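So you can see what is in the structure, the chains are spelled out below.
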Amino acid sequence: MDILAILQSDSMAFLIRQTLLFAVPLMIVALAGVFSERSGVINLALEGIMIFGAFVGVLFVNAVENAGWFTTAYETLKQVPSGKAAMDFGLLVQTQGFALLAMLMTAVACCLFSMLLAFAAIHLRADQTIAGTALNMLAPALVLFFVRMIANQNTLNIGGEASSWFMLKESYFGFGIKLTRTTKTASMGFLGKAFIDQVYPMTYVCILLFIVMAIFMYKTRFGLRLRACGENPQAADSLGINVFKMRYAGVGISGALAGIGGFLYATTTMNCSSNGDVAGFGFLALAVMIFGNWKPLNIALASLLFGLLKCVSASYSTLDFNADRIYEFKELGISKHVYNLMPYIITLLVLGFTSKRSRAPKAEGIPYDKSVR
């Protein structure tokens, strides 16, 4: 067995690409939970906010499609692989610009949606677990209500090629273009197939956003004040920090990030559709956050682990690392149901062994009362 050949195989490139596809939404939503809980508010509503974010993002893309703003650019890009059109990077930037604009609209909408949790938890001093659960129940019902109004069905869909609208392809850069029936230009190679071909630039935008927001939390004055409100709000208040404002800010940032994660999941995994469901990724993000001990680096590693397991469970029957048409995972004879359960079982096992060492913010879940010292 040639280890180097396996590491450079198409299956390995596919595995890396799909792992990022599953891991990055989980990563950004888990960081959303960190912002809220570091401020002192338990955000169990991540699932509901993801569902709402997926809906808002898909609705925006749907509106852009119906307006015809997007069609011309994408139709031109589709002709590049056949040689009927030259690559125009301006058009590529235009299509990705729509994706970024959709992410921005989603972030704003979900920030406002998360204010329901903030108002209940901070102003009304309601039980934060119940408030988060209420939002998780409200979001899918609200989304399905609007989807039925807009599309007269249970799923809001975009065009059949919606998943390709925001996807990079090696042909856009002059690679892998079919010249004749038997010949085509050279491929991008392993790194290109793993990190560029059939990859969504939104994925890398979210990775960059994850890094920036992690630095923002731990290396800025705002981040220090936010964390102080989740550890000892009385001490923070005595230093002139407005605990209520900081907690509202923490929940708002949490909502924006969770919404972006929901739209990314809908685009990359659900073919840019919204049906009031994100397959429990919001709750998995909570598990990853606890597993990562509320620390961004640990959260990133935990997300990659889950993303890898999820990728294997979804595509185990097609992974051929030796290019000999022998599918190693399929040959093991293990039931597909075991593979489907594997990511969740391992997550539960890891949580069981690591939860005792996890240290949550001391004041999370406790409504702040200025009269109590």
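For every chain, the first residue of the written sequence is number 1, and numbering continues from 1 onward in sequence order. Per-residue local features of the predicted model are confined to residues with pLDDT of at least 70, and side-chain atom pairs are confined, for both listing and counting, to 80 or more; whole-chain, interface and lining totals are unaffected and use all residues. Side-chain metrics in this entry use all non-hydrogen atoms of the structure; hydrogen atoms and water are not considered.

### Observations concerning the overall build of the protein
Defined as follows: Note on conventions: DSSP H or I runs of at least 4 residues are helices, E runs of at least 2 residues are strands, and numbering of each starts at the N terminus. Contacts are residue-level and defined by heavy atoms, with any inter-residue pair within 4.5 Å sufficient. Residue-level accessible areas treat just the shown protein chains as cover; the underlying method is Shrake-Rupley with a 1.4 Å probe.
A count of helices and strands for the protein gives 16 helices and zero strands. Sequence-distant contacts in the protein: of pairs separated by 6 or more residues, those separated by 24 or more amount to 78%. Summing over all exposed atoms, the protein offers an accessible surface of approximately 17500 Å²; the carbon and sulfur share of this is 66%.

### Observations regarding the environment of Leu319
Following the sequence through the fold, Leu319 ends up in the loop between helix H14 (296-315) and helix H15 (328-331). Here the alpha-carbon distance between Leu319 and Leu15, two residues 304 residues apart in the chain, equals 8.2 Å.

### A few points about the pattern of salt bridges
The condition is simple: Any carboxyl oxygen of Asp or Glu within 4 Å of a side-chain nitrogen of Lys or Arg constitutes a salt bridge here. Between buried and exposed lies partly exposed: a residue is buried under 20% and exposed over 50% of the maximum accessible area for its type, with that area taken using a 1.4 Å probe on protein chains only.
Going through the model one piece at a time under the given rule, you end up with three salt bridges. The shortest N-O distance in the salt bridge between Glu231 and Arg38 comes to 3.6 Å. Of this pair, Glu231 sits in helix H10 (residues 221-231) while Arg38 sits in helix H2 (residues 10-39), and the two are 193 residues apart along the sequence. Arg38 gets classed as buried once you look at its relative accessible area, which sits at 9%. One network of salt bridges, with partners in common, ties together Arg38, Glu231 and Arg359.

### Re the packing of aromatic side chains
What counts is decided by this rule: Stacked, edge-to-face and tilted labels apply to pairs of Phe, Tyr and Trp rings (six-membered ring for Trp) whose centres lie within 6.5 Å, assigned for plane angles under 30 degrees, over 60, and everything in between, in that order.
Inspection of the entire model under this criterion finds eight aromatic pairs. Pairing Tyr265 with Phe281 gives two aromatic rings, centres 4.7 Å apart and planes at 45°, and the pair type is tilted. Placement of Tyr265 in helix H12 (residues 243-269) and of Phe281 in helix H13 (residues 281-291) is noted, with a sequence separation of 16 residues between them. Take Tyr265: its relative accessible area is 7%, and that puts it in the buried class. We classify Phe281 as buried; its relative accessible area is 1%. Here Phe281 and Phe306 contribute two aromatic rings whose centre-to-centre distance is 6.2 Å and whose plane-to-plane angle is 80°, an arrangement assigned as edge-to-face. Highlighted residues: Phe281 in helix H13 and Phe306 in helix H14, separated in sequence by 25 residues. You can call Phe306 buried: its relative accessible area is 3%. Among the aromatic residues, those joined into a ring-pair cluster are Tyr265, Phe281, Phe306 and Tyr344.

### Digging into H2
Stated formally: By this rule the span expected of a helix is its residue count minus one, scaled by 1.5 Å. Across the chain, bend at a residue is computed as the angle between axes fitted to the seven residues ending at that point and the seven starting from it.
Given a rise of 1.5 Å per residue, 30 residues ought to cover 44 Å, and the 44 Å separating the end C-alpha atoms of H2 matches this to within 8%. Of all bends in H2, the biggest is about 30°, found at Ala23, and the proline Pro25 comes one to four residues later. Most of H2 sits inside the fold, with 27 of its 30 residues counted as buried.

### Topic: the confidence of the model for the protein
Here is the rule we go by: For every residue, the predictor assigns a confidence score, pLDDT, that lies between 0 and 100.
Here the protein shows a mean pLDDT of 84. Residues at 70 or above account for 83%. Low pLDDT (under 50) marks residues 82-86, which in the prediction has five contacts with non-local residues, meaning those over four places away or in another chain.

### Some details on the side chain of Thr267
Rules: Contacts described as polar in this section are N or O atom pairs within 3.5 Å, which, within protein, must combine one atom able to donate a hydrogen with one able to accept it, while residues neighboring in sequence count only if both atoms come from side chains.
Assignment of secondary structure puts Thr267 in helix H12. Given a relative accessible area of 0%, Thr267 falls into the buried group. Within the structure, Thr267 has its side chain in polar contact with the backbone oxygen of Phe263 (distance 2.9 Å).

### Observations regarding helix H16 (residues 336-354)
Under the 1.5 Å per step criterion, the end-to-end length of H16 is 28 Å for 19 residues, consistent within 8% with the ideal 27 Å. Of all bends in H16, the biggest is about 45°, found at Met342, and the proline Pro343 comes one to four residues later. For H16, the set of buried residues is Tyr339, Pro343, Thr347, Leu351 and Thr354.

### Notes on the nonpolar core
Cut-off, in case you're wondering: Residue types Ala, Val, Leu, Ile, Met, Phe, Trp, Tyr and Cys, when buried and joined through side-chain atoms within 4.5 Å, form a set referred to as a nonpolar core.
With 93 residues, the main nonpolar core has Phe35, Val61, Phe166, Leu257 and Phe281 as its most contacted residues. If you tally residues by element for this core, the top one is H2, at 15 residues.

### Re the side chain of Thr19
As for its placement among the helices and strands, Thr19 is situated in helix H2. Overall, the relative accessible area of 9% leaves Thr19 in the buried class. In contact with Thr19, not counting residues within four places along its chain, are Leu304, Gly307, Leu308 and Cys311.

### Describing the packing of H2 against H10
In a packed pair of helices, the relevant descriptors are the angle between the two axes and the axis-to-axis distance. Note the cut-off: Where helices are involved, their axes are fitted lines through C-alpha atoms of the stretch in contact, as for all axes, and angles between N-to-C directions lie from 0 to 180°. Relative orientations are named as follows: roughly parallel for angles under 35 degrees, roughly antiparallel for angles over 145 degrees, roughly perpendicular for angles from 65 to 115 degrees, and oblique for any other angle. In this count, Pro and Cys sit with the nonpolar residues alongside Ala, Val, Leu, Ile, Met, Phe, Trp and Tyr, while Asp, Glu, Lys and Arg are called charged and the others, Gly among them, polar.
The contact between H2 and H10 brings their axes to 6 Å, and the two run at 60°. Taken together, the axis directions place H2 and H10 in an arrangement best described as oblique. From H2, Phe35, Arg38 and Ser39 reach across to H10, where they touch Leu226, Arg227, Cys229, Gly230 and Glu231. For the contact of H2 with H10, a count of residues per class yields three nonpolar, two polar and three charged.

### Re the packing of H2 against helix H9 (residues 201-219)
In plain terms, the rule: Handedness of a crossing is defined here by the sense of rotation of the near helix relative to the far one, left-handed for an anticlockwise turn of less than a right angle and right-handed for a clockwise turn.
Taken N-terminus to C-terminus, the directions of H2 and H9 make an angle of 25°; their axes are 10 Å apart at the nearest point. On the basis of the axis angle, H2 is roughly parallel to H9. Seen along the crossing, H2 lies across H9 with a hand that is left-handed. Contacts between H2 and H9 pair Leu20, Val24, Met27, Ile28, Leu31, Val34, Phe35 and Arg38 from the former with Thr203, Cys206, Ile207, Leu209, Phe210, Met213, Ala214, Phe216, Met217 and Tyr218 from the latter. Looking at the contact of H2 with H9 residue by residue, the classes come out as 16 nonpolar, one polar and one charged.

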